[in-house]
Amino acid sequence: MSTREIAVRVRFETGHRLPQLAGKCFNLHGHSWQAWISAVGDLNADTVLVDFSRLKGEIQAWVDEHLDHGMMLGASDELADLLAARGVKVYTFGRDRFTHGLPWPTVEAVAELLARLTESVITELTLPLRSVRVVVQETENNQAEVTR
C-alpha cells in the first residue's frame, strides 16, 4: 500500500464582518471564498484512496446549507440575532461544535471550522483518511491554513 494525498475544492459566496478589529473589516462585506481540503490515506487494491464525490459532496452540502449566500458573524456581534430575526441566513461563530472557541469569522477561524467539519465527515462516512489540511482563500491576497 502507498500513502497518497487527495484534495477537493469547495467554493462559497459569504459575507462577514470583524467588529473587534479596527478598519474597514468592521463593516459588513463579502468575499468569494474557496477552500482546498486535503487528506492523506493508503491506496486500496483498486488504487483508489476514496470516492472524491462522497467527501466533497458532504462538505459542499454543509457549506451550501450554512455558509453560502449568507453572513458569518461572531456570537458577540450585535447584528447576528438582529439579522437572523429578519430572515437573513446567518452562521454564528462560537455557537456550535465546529466553531467552539472561535468567536469571530476570521479567515483563520473559517479554516479551522472547515478542518473540524472535514474530520467529522471523514468519521461519519468511515473514510480511510487521516491528516487533514485545509487552505482557505478569502481574497486573492489572503489565505489561512490549518494542518493536523
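Up top is the structure.
What you see as residue numbers is a count from 1 along each chain, following the sequence as written. pLDDT decides what is reported in this predicted model: residues at 70 or higher carry local features, side-chain atom pairs at 80 or more are listed and counted, and totals for whole chains, interfaces and linings draw on all residues regardless. Hydrogen atoms and water are omitted, and side-chain values are computed over all heavy atoms in the structure.

Novice: Break down unusual backbone geometry for me, citing the residues and quoting the values.
Specialist: Although it is not a glycine, His69 adopts a positive phi angle of roughly 55°. Only DSSP runs of H or I with at least four residues qualify as helices, and only runs of E with at least two residues qualify as strands; both kinds are numbered from the N terminus onward. With respect to the element layout, His69 can be found in the loop between helix 1 (52-66) and strand 3 (70-74). Given the relative accessible area of 61%, His69 is considered exposed. Categorising residues by exposure relies on relative accessible area from a 1.4 Å probe, with only protein chains included: less than 20% of the type maximum marks a residue as buried, more than 50% marks it as exposed, and the intermediate range marks it as partly exposed.

Novice: Could you give an account of helix 2 (residues 78-85), naming the residues involved and the relevant values?
Specialist: Nitrogen and oxygen atoms within 3.5 Å of one another constitute a polar contact, given that in protein one can donate a hydrogen and the other can accept it, and given that sequence-neighbouring residues count only through two side-chain atoms. The opening residue of helix 2, the one whose side-chain oxygen lies 2.8 Å from the backbone nitrogen of Leu79, is Asp77. Phi turns positive, to about 90°, at Gly87, one or two residues after helix 2.

Novice: Tell me about the sheet that holds strand 6 (residues 142-147), residues and numbers included.
Specialist: If DSSP finds at least two bridges between two strands, the strands pair. Pairing is mixed in the open sheet, where six strands are placed in the order 4-3-1-2-5-6. Taken across any chain shown, the strands that pair with only one partner, and hence form the sheet edges, are strand 4 (90-93) and strand 6. Mean inter-strand twist for the sheet, computed between neighbouring axes without regard to direction, equals 30°. Bridge count between strand 5 (residues 129-139) and strand 6: six bridges; the pairing is antiparallel. Across the sheet, residue Gln137 finds its bridge partner in strand 6, namely Gln143. The contact criterion used is simple: two residues touch if any of their non-hydrogen atoms lie within 4.5 Å. Each axis is a line fitted through C-alpha atoms, taken for helices only over the stretch in contact, and angles between the N-to-C directions span 0 to 180 degrees. Lying over the sheet, helix 3 (residues 107-124) contacts strand 1 (3-16), strand 2 (29-42), strand 3, strand 4, strand 5 and strand 6, oriented at roughly 150° with respect to strand 5.

Novice: Describe the environment of Thr123, naming the residues involved and giving the relevant values.
Specialist: With respect to the helices and strands, the residue Thr123 is situated in helix 3. A distance of 3.0 Å separates a polar atom in the side chain of Thr123 from the backbone oxygen of Glu119.

Novice: Talk me through the side chain of Glu112; I want residue IDs and the actual numbers.
Specialist: Mapping Glu112 onto the fold places it in helix 3. Look at Glu112 and you get buried, because its relative accessible area is 16%. There is a polar contact of 2.9 Å between the side chain of Glu112 and the side chain of Arg116. In this structure Glu112 touches Leu102, Val146 and Arg148, once residues within four positions along its chain are discounted.

Just geometry here; none of it tells us what the structure is for.
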